[in-house]
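Fold and contact review
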Amino acid sequence: MAAKFDLDDNGVVVIIGSGAGGGTLANELAQKGVGKIVVLEAGKHYKLEDIENDEWAMFGKISWLDKRISAGAWHHTKDFPNLPAWIVKGVGGSSVHWAGLALRFQQHDFKTRSTYGHVPGANNLDWPVSYEEMDPYYSRAEKKLGVAGAAASGMPPLPENNHYKVIAAGARAIGYKDIVRPMAINSRENDGRPGCQQIGFCMQGCKIGAKWSTLYTEIPKALATGRVELRPESMVLQIQHDKSGKVNGVLYVDKNGKKQLQKARIVCVAGNSIESPRLLLNSASSMFPNGLSNSSGQVGRNYMVHTTAAALSIHKAPVHMYRGTAIAAVVSDEAKLDTNRGFFGGYHLEGLSIGLPFAAAFIRPGGWGREISSALEMYDHMTCVWVCGEDMAMEQNGITLHKTEKDHYGLPVPVVSKSDHANDAMLRIHGLAQWRKLNEAVGAIRTVDMPPYPASHNMGTNRMSAKPRDGVVNKWGQSHDIKNLFVSDGSQFTSSSAANPTLTIVALAIRQAEYIADSMKKGMI
């Protein structure tokens, strides 16, 4: 039974956000016996029956559409000026929207400064944790998520749809061998949820609950302990602190538009790489004039979205890429460490089907004419790729607060600045060329390159660092400056790797929960 805690209860652990980081952390803490947890979620609490197999209907229903401003040299400033990121505002966060691909970082991904050396124009840094330290938590995350094909979960792989078969055949034809698809989607009944029915609307929210999401896994389990209270439609405005600098409360607007102050023993920020730094910056005070946990000046900096590109290839015969899960074959050969290609890092070629409405919207934003319509007429003959590669951390890429414009809560609108590093551009060109080659090897007659669309992978802005001067939090996601303040989402990433971030976010949340529970028991926080 869900709990109910008093606003003046200063023994509460407040978690801001209920996605892969916050939702997992809440459940892990509750299962460890932490007795008072309040989860504040800005969005609504949707149910499975609210999910529709309709791209535009669900985009409008669950997306975070509060005003944000795209800035920098990326094309979003023109094509998506107020939508720099495609994330969810609702219980479950972007775990509702993700496609389910659960990839691990590689060893070198945690040590980019040691591996690459200083990269001119980049702010690359080693994580204060290693792959060896993360390995057991990755296994626990894979088990929790029920990753199909992972040894830790025991779940058999998902069936190979036609999109998978075409991409895999092309990959093998040009010499690729590392073709994978570790998906956090039930391949059979598991964890009280059904096996996948191959409906294909994975990124609109899984209507039957076969895909892992904290909306219907971690959050219900946490509530069932009687140790957790979920407050949806609660937009956090500010984190407050006492005279010693320890955080002691969270100010938010409830679903009725009334301001409330929840007292707290510990605060964990898990609002994504835009809202989390925005909140820390908005919590500036006379003691912390540049924002909370910002003695380094690194809050909001080093924003990463993965170096991405997209393309559609048209084949002579029908492919029907939309039949089956959104992610088909993932070609991982280019994710290896190989600087002989002329760039640092690597990338995955992710076969990602997009619905016809999104294909029409993204193929050439704002475009029109026969070039576009002739491609869309061949929609059932298409394969589609999302190139997902390492994005170099750059200090100037980040989140700042608009000086004059406010949102409907009275908060400064976040400005999301992003520009390519030269490395990003070279990686993107290489990835698109390899995709074209792969499809031509199995008879593709045309390939249409698309500009990257708004990021679902948002990382950095509150990064981990061994030394306080270099980042925002330590190896546990604990603020360098304030020991009872934690960051529990992808904003703590020090580098992006080429891997989709969700599995790593969950693994870090499991690990962080151990640290917090143990520290509370010992009276350290």
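Worth saying up front: this structure is predicted, and the values here are computed from it rather than measured.

Glancing now at the overall build of the protein. Scanning the protein for helices and strands turns up twelve helices and 17 strands. Rg of the C-alpha trace for the protein: 22 Å, near the compact-globule value of 24 Å for 525 residues, within the 12% margin. With 525 residues in all, the protein has 63% of them scored as buried. Considering only contacts in the protein between residues 6 or more positions apart, those separated by 24 or more positions represent 75%. About 18800 Å² of surface is accessible on the protein, with carbon and sulfur atoms providing 52% of the total. Here the protein carries 57 positive and 49 negative side-chain charges, and the mean point of each set is 3 Å from the other.

Take the packing of aromatic side chains next. Here the structure, examined in full by the defined rule, presents 18 aromatic pairs. Considering the side-chain rings of F105 and F493, the 5.7 Å spacing of their centres and the 85 degrees angle between planes classify their relative orientation as edge-to-face. Here F493 lies in the loop between β17 (485-487) and α12 (502-521) and F105 lies in the loop between α3 (76-79) and α4 (112-116), a separation of 388 residues in the sequence. On the basis of relative accessibility, which here comes to 2%, the residue F105 falls in the buried class. The buried category is assigned to F493, whose relative accessible area is 0%. Chaining the aromatic ring pairs together yields one cluster made of W56, F59, F80, W86, F358, F362 and Y453. If you follow K89 out to its NZ or CZ, it ends over the ring of W64, 5.0 Å from the centre.

Here the focus is the pattern of salt bridges. Opposite charge on two side chains allows them to pair when their charged atoms are near. In the structure shown here, the tally under the stated rule is 29 salt bridges. Between D79 and K78 there is a salt bridge whose closest N-O contact spans 3.6 Å. Residue classification places K78 among the exposed positions, given a relative accessible area of 68%. What you see here is one network of salt bridges that share partners, running through E28, R140, K144, E218 and E514.

This brings us to the environment of K336. With respect to the helices, strands and loops of the structure, K336 is situated in the loop between β11 (327-331) and β12 (347-352). Taking relative accessible area as the criterion, K336 reaches 42% and is therefore assigned partly exposed. Separated by twelve residues in the primary sequence, K336 and H348 have C-alpha atoms spaced 9.3 Å apart. The contact partners of K336, leaving out residues within four places of it in the chain, are Q106, R341, G345 and G346.

To continue, consider the layout of surface pockets. Size it by volume and the largest pocket reaches roughly 280 Å³. For the largest pocket, the lining is made up of 21 residues, of which W74, H75, D420, R428 and P452 are closest to its centre. Among the residues making up the lining of the largest pocket, the classes are represented as eight nonpolar, eight polar and five charged. The volume enclosed by the second largest pocket comes to roughly 210 Å³.

In terms of burial, helix α1 (residues 22-31) is largely enclosed, as nine of its ten residues are buried. For α1, the complete set of buried residues consists of G22, G23, T24, L25, A26, N27, E28, L29 and A30. Within two residues after α1, G33 carries a phi angle of roughly 95 degrees, on the positive side.

What the rule picks out here adds up to five cavities of 30 Å³ or more. Considering only enclosed or pocket space, the second largest cavity measures out at about 110 Å³ in volume. If you go around the second largest cavity, you meet 14 residues; those closest to its centre are I199, G200, F201, C202 and C206.

A few words now on the sheet that holds strand β5 (residues 228-231). Strand order in this open sheet of five strands is β5-β2-β1-β9-β17, and the pairing throughout is parallel. Strand pairing shows two members of the sheet lacking a second neighbour, β5 and β17, which therefore form its edges. Strand-to-strand twist in this sheet, taken as the mean axis angle between neighbours without regard to direction, amounts to 15 degrees. Here strand β1 (residues 13-16) runs beside strand β9 (residues 266-269); their pairing, made up of four bridges, is parallel. Note that in β9 the partner of V13 across the bridge is I266. Across the sheet, α12 touches β1, β9 and β17, and the angle it forms with β17 is around 170 degrees.

Thresholds, definitions, all that
For every chain, the first residue of its written sequence is number 1, and the numbers climb from 1 along that sequence. At least 70 in pLDDT is required for a residue's local features to be given in this predicted model, at least 80 for side-chain atom pairs to be given and counted, and no such filter applies to totals for whole chains, interfaces and linings, which use all residues. As a rule here, side-chain values cover all heavy atoms of the structure and leave hydrogens and water aside. Helix and strand definitions follow DSSP, with helices as H or I runs of at least four residues and strands as E runs of at least two, each counted in order from the N terminus. We take the radius of gyration over the C-alpha atoms and set the globule estimate at 2.2 Å times the residue count to the 0.38 power. Accessible area is worked out with a 1.4 Å probe on protein chains only. A residue is then buried under 20% of its type maximum, exposed over 50%, and partly exposed in between. In this analysis, two residues are considered to be in contact whenever any of their non-hydrogen atoms come within 4.5 Å of each other. The Shrake-Rupley method, run with a 1.4 Å probe, gives the accessible areas here. Residue values count only the displayed protein chains as cover. In this count, Lys and Arg are taken as positive residues and Asp and Glu as negative ones, while His and the chain termini are left out. A charge is said to be at NZ when it belongs to Lys, at CZ for Arg, at CG for Asp and at CD for Glu. Centre distance within 6.5 Å is the pairing criterion for rings of Phe, Tyr and Trp, where only the six-membered ring of Trp is used; planes under 30 degrees apart are then read as stacked, over 60 as edge-to-face, and the remainder as tilted. Placement of a charge over a ring requires the Lys NZ or Arg CZ to be within 6 Å of the ring centre, with the centre-to-atom vector within 35 degrees of the ring normal. In the sections that follow, a salt bridge refers to a side-chain nitrogen of Lys or Arg positioned within 4 Å of a carboxyl oxygen of Asp or Glu. Both cavities and pockets are sets of points on a 1 Å grid over the protein atoms alone; in a cavity a 1.4 Å probe fits but cannot get out, in a pocket the set is open with protein on both sides within 12 Å along at least five of seven lines, and lining residues sit with an atom within 4 Å of a point. Grid points are joined across faces, edges and corners, and a volume is the space filled by probe spheres set on the points. Side-chain classes are defined by residue name, with Ala, Val, Leu, Ile, Met, Phe, Trp, Tyr, Cys and Pro counting as nonpolar, Asp, Glu, Lys and Arg as charged, and the others, Gly among them, as polar. A pair of strands counts as paired when DSSP detects no fewer than two bridges linking them. Simply put, an axis is a line fit to the C-alpha atoms, just over the touching stretch for a helix, and the angle between two N-to-C directions goes from 0 to 180 degrees.

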